[in-house]
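# Analysis of the macromolecular model
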Amino acid sequence: MLQISNLTKKFGGVKAVDDLSFSVKKGTIHSIIGPNGAGKTTLVNMITGVYKVDSGTVFLDGGDITNLATNKLVHRGVCRTFQHLEICGNLTVIENVMLGFDKYMDKNIIRSCFRAKSILEDEKRYFDRGMHLLELIGLENFAHNEAKNLSYGILKKLEIIRALATTPELILLDEPVAGLNPKETHEVSELIKTVVADEVTIILVEHDMKMIMKISDYITVMNFGKKLAQGTPTQIVNNEEVIKAYLGSGALHGK
Ligand SMILES: Nc1ncnc2c1ncn2[C@@H]1O[C@H](COP(=O)(O)OP(=O)(O)OP(=O)(O)O)[C@@H](O)[C@H]1O
Ligand SMILES: [Mg+2]
């Protein structure tokens with residue numbers, strides 16, 4: 001479904017992503033792991049049109065989507081969440097979800113937030129669908145709360161639901177459980193595995209190895225912008241190079 005070929009991105013002298021190639025199969029959860037600074041977020045930013053690539057190509061279903069703007073990508077069925085929350089605090093929970101329906105998400109989320117109020121008033125027809133999505137994860141009781149008053153855990157879930165509202169074919173999740181407690185991590189994990197993966201292909205960037213091992217179909221490991229390894233969770237957790245560069249020996253014992 002997605003084919004990344006020879007992607008490269010430099011920042012000054014640093015090659016954040018260095019000649020990276022891999023493909024993602026339709027209907028799978030494909031995880032990207034690796035140490036801090038390995039280039040995972042830069043990769044997501046290139047795929048989703050936030051950064052222009054220095055070189056290389058991104059193909060979706062055989063069509064070239066390299067350097068396509070974020071809002072155009074949403075119409076091609078590609079959506080993402082952010083490592084650092086990008087939620088409109090001045091909007092309610094349901095309004096945030098409806099932003100997704102509108103395929104209105106701008107790469108500049110702040111700009112979306114300001115323009116959103118007036119647009120959302122015209123989009124009442126999306127309300128029921130939005131409520132349905134919130135019910136799937138038990139957030140319906142928060143629908144009319146302003147997002148800024150809610151916990152980090154709820155907002156992380158809301159971001160995933162909003163991405164789902166764009167009816168994507170491919171969702172990229174950048175650290176969806178970072179900063180969550182074990183109970184919330186479990187809930188988000190279930191949300192991704194049951195609700196999201198049922199409908200769409202997922203690229204998951206995460207450091208939580210327990211979650212990665214449980215829900216990934218396939219894993220690509222990055223180190224210094226390059227691909228260090230790829231394989232099934234079992235292959236990766238037993239790969240000597242991956243253990244040395246990232247996991248440490250504890251990984252073998254399920255830590
Ligand atoms: N906008 C930017 N300007 C300059 N350097 C950048 C920029 N974005 C990323 N980098 C650099 O590129 C490298 C890769 O960073 P990136 O954020 O992609 O790593 P990551 O794998 O997502 O790390 P983490 O696990 O900590 O989120 C790092 O050296 C980082 O400092
Ligand atoms: Mg990152």
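Look up a bit, the structure's there.
Cut-offs used in this document
- Residues numbered from 1 in each chain as written.
- Chains lettered and ligands numbered in written order.
- Predicted model: local features only at pLDDT ≥ 70, side-chain atom pairs only at ≥ 80, totals over all residues.
- Heavy atoms only, no water.
- Axes fitted to C-alpha atoms, helices over the stretch in contact; angles between N-to-C directions.
- Helix = DSSP H or I, 4+ residues; strand = E, 2+ residues; numbered from the N terminus.
- Parallel < 35°, antiparallel > 145°, perpendicular 65-115°, else oblique.
- Contact = heavy atoms within 4.5 Å.
- Nonpolar A, V, L, I, M, F, W, Y, C, P; charged D, E, K, R; others polar.
- Expected span 1.5 Å × (residues − 1).
- Bend = angle between axes of the 7 residues up to and from the residue.
- Buried < 20%, exposed > 50% of the residue type's maximum accessible area, 1.4 Å probe, protein only.
- Polar contact = N/O pair within 3.5 Å; in protein donor to acceptor, adjacent residues only side chain to side chain.
- Pairing = 2+ DSSP bridges.
- Phe/Tyr/Trp six-rings, centres within 6.5 Å; stacked < 30°, edge-to-face > 60°.
- Near = heavy atom within 4 Å.
- Areas by Shrake-Rupley, 256 points an atom, 1.4 Å probe, with all protein chains shown as cover.

### Some details on the packing of helix 6 (residues 152-165) against helix 7 (residues 182-199)
Orientation of helix 6 relative to helix 7, taken along the N-to-C sense of each, is 10 degrees, at an axis distance of 10 Å. Our classification of the angle between helix 6 and helix 7 gives roughly parallel. Contacts between helix 6 and helix 7 involve Gly153, Lys157, Ile160, Ile161 and Leu164 from the former and Glu184, Glu187, Val188, Leu191, Ile192, Val195 and Val196 from the latter. Per-class residue counts for the contact of helix 6 with helix 7 are eight nonpolar, one polar and three charged.

### Side note on helix 7
Under the 1.5 Å per step criterion, the end-to-end length of helix 7 is 25 Å for 18 residues, consistent within 8% with the ideal 26 Å. In the structure, helix 7 departs most strongly from a straight axis at isoleucine 192, where the bend amounts to approximately 30 degrees. Along helix 7, the residues classified as buried are Glu184, Thr185, Val188, Ser189, Leu191, Ile192, Val195 and Val196. Looking at the buried positions of helix 7, the neighbouring elements they touch are strand 3 (29-33), helix 5 (127-136), helix 6, strand 7 (170-174), strand 8 (201-205) and helix 8 (209-215). Of the residues flanking the start of helix 7, the one acting as N-cap is asparagine 181, its side-chain oxygen 3.1 Å from the backbone nitrogen of lysine 183.

### Concerning the sheet that holds strand 1 (residues 2-11)
Overall, antiparallel pairing links the four strands, which are arranged 2-1-4-5 in an open sheet. Two strands bound the open sheet, and with one partner strand each, they are strand 2 (14-24) and strand 5 (63-64). Looking at chain direction, strand 4 (residues 55-60) and strand 5 are connected through two bridges and run antiparallel. Each residue of the ladder has a partner; that of phenylalanine 59, found in strand 5, is aspartate 64.

### Some words on the packing of aromatic side chains
Applying the stated criterion across every chain yields a total of one aromatic pair. Arranged with centres 5.4 Å apart and planes meeting at 75 degrees, the rings of phenylalanine 11 and tyrosine 51 form a pair that is edge-to-face. Taken as a pair, phenylalanine 11 in strand 1 and tyrosine 51 in the loop between helix 1 (40-47) and strand 4 lie far apart in primary sequence, 40 residues in all.

### Description of the sheet that holds strand 6 (residues 78-80)
Pairing between sheet strands relies on hydrogen bonds along the backbone, with the strands arranged either parallel or antiparallel. Strand order in the open sheet made by the six strands is 6-7-8-3-9-10, with mixed pairing throughout. Of all strands in the sheet, those bounded by a partner on one side alone are strand 6 and strand 10 (226-231). For this sheet, the mean angle separating the axes of adjacent strands, direction not counted, is 20 degrees. Bridge count for strand 3 against strand 9 (residues 218-223) is four bridges, and the pairing is parallel. Its bridge partner being in strand 9, isoleucine 32 is matched across the sheet by threonine 220. Docked against the sheet, helix 6 engages strand 6 and strand 7, running at close to 160 degrees with respect to strand 7. Sitting on the sheet, helix 7 touches strand 3, strand 7 and strand 8, and the angle it makes with strand 8 is about 145 degrees.

### What to know about the site of ligand 1
Near ligand 1, the surroundings consist of 15 residues, among which Gly37, Lys40, Thr41, Thr42 and His207 are the closest. Residue threonine 42 places a side-chain N or O atom 2.6 Å away from an oxygen atom belonging to ligand 1. Contact with the protein chains hides 64% of the accessible area of ligand 1, taken as 630 Å² for the molecule alone. If you list the elements that add at least two residues to the shell around ligand 1, you get strand 2 and helix 1. Of the residues forming the shell around ligand 1, the biggest block, three residues, is contributed by helix 1. Within the shell around ligand 1, the residues separate by chemical class into six nonpolar, seven polar and two charged.

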